[in-house]
Amino acid sequence: MNNTDMETFWAVLEHGTLTAAAEALFITQPTLTNRIQALEAEVGAQLFRRGKGIRHIELTEAGEAVYRCAKKVLGTLEDTFGELDQIRHSAAVQRLEIGASMTIGDHMLPRVLAAFCGRYPDVRAGVLVGNTREVCDALEDGRIDVG
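So, how was this worked out
- Residues numbered from 1 in each chain as written.
- Predicted model: local features only at pLDDT ≥ 70, side-chain atom pairs only at ≥ 80, totals over all residues.
- Heavy atoms only, no water.
- Helix = DSSP H or I, 4+ residues; strand = E, 2+ residues; numbered from the N terminus.
- Expected span 1.5 Å × (residues − 1).
- Buried < 20%, exposed > 50% of the residue type's maximum accessible area, 1.4 Å probe, protein only.
- Salt bridge = Lys/Arg side-chain N within 4 Å of Asp/Glu carboxyl O.
- Phe/Tyr/Trp six-rings, centres within 6.5 Å; stacked < 30°, edge-to-face > 60°.
- Core = buried A, V, L, I, M, F, W, Y, C linked by side-chain atoms within 4.5 Å.
- Contact = heavy atoms within 4.5 Å.

Caption draft 1: Quick peek at helix α1 (residues 3-15). Helix length check: α1 (13 residues) gives 18 Å between terminal C-alpha atoms against 18 Å at 1.5 Å per residue, within 8%. Every buried residue of α1 is accounted for by Asp5, Met6, Thr8, Phe9, Ala11 and Val12. Glycine 16 occupies a position one or two residues after α1 and carries a positive phi of about 80°.

Have a look at this one:
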């Protein structure tokens, strides 16, 4: 089952009719029907049957099985992307580059940085001490996060 198959299957489930699903996918109804038939041939079972409404369709027992499995797969994908977002976020936060002018870098920053590192031990802080112009340039160039 590929992405197009999954998209078609979900569109039919979501919209309840082949016509509405085809419209939502911006394809013709015969194209959608062909996709469903190809998917049914691939899984070796009929997935939909006529429902109670005029054009409404329902899942067969095999369709229910595909639905349950597809739901798990989509849940796993959501979990995976959530974890990847957390990794990206934590990787972005775990390194902090700080720029400071010489006076602040020599006299104030060590005390503030020690308190910060005590509170956030997983964050690695890098420090650039230079004149104001060097700090501003580094901030503009993205070499430091804060100046």
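Caption draft 2: Just the pattern of salt bridges, in detail. For the structure on display, the rule yields 3 salt bridges. Between arginine 49 and glutamate 58 there is a salt bridge, and its shortest N-O distance comes to 3.8 Å. Judged by relative accessible area, arginine 49 falls into the partly exposed class, the value being 40%. Here aspartate 137 makes a salt bridge to arginine 133, at a shortest N to O gap of 3.1 Å. With aspartate 137 and arginine 133 both in helix α7 (residues 132-141) and 4 residues apart, this pair spans about one turn of that helix.

Caption draft 3: Spatial organisation of the packing of aromatic side chains. The full count for this structure, using the stated rule, is 3 aromatic pairs. Seen in terms of ring centroids, phenylalanine 9 and phenylalanine 48 are 5.5 Å apart; in terms of plane orientation they differ by 40°. Their pairing is tilted. Remark: phenylalanine 48 occurs in strand β1 (residues 48-50) and phenylalanine 9 occurs in helix α1; sequence separation between them is 39 residues. By the burial criterion, phenylalanine 9 is buried, and phenylalanine 48 matches it. The rings of Phe9, Trp10, Phe48 and Tyr67 are connected pair by pair, giving a single aromatic cluster.

Caption draft 4: Highlighting the environment of glycine 16. Relative to the helices and strands, glycine 16 resides in the loop between α1 and α2 (18-25). Residues glycine 16 and glutamate 58, 42 residues apart in the sequence, show an inter-C-alpha distance of 7.4 Å.

Caption draft 5: The nonpolar core, seen in detail. Ranked by size, the top nonpolar core spans 15 residues in total, and within it Phe9, Val12, Leu32, Leu47 and Phe48 carry the most contacts. Those residues in contact with leucine 47 that sit more than four places away from it in its chain are Phe9, Leu39, Glu40, Glu58, Leu59, Thr60, Ala62, Gly63 and Val66. Formed by 6 residues, the second largest nonpolar core is a distinct cluster that contains Leu96, Ile98, Leu113 and Val123.

Caption draft 6: Layout of unusual backbone geometry. In this structure, phenylalanine 26 takes a positive phi of about 60° despite not being glycine. Looking at the secondary structure, you find phenylalanine 26 in the loop between α2 and α3 (29-43). Look at phenylalanine 26 and you get exposed, because its relative accessible area is 77%.

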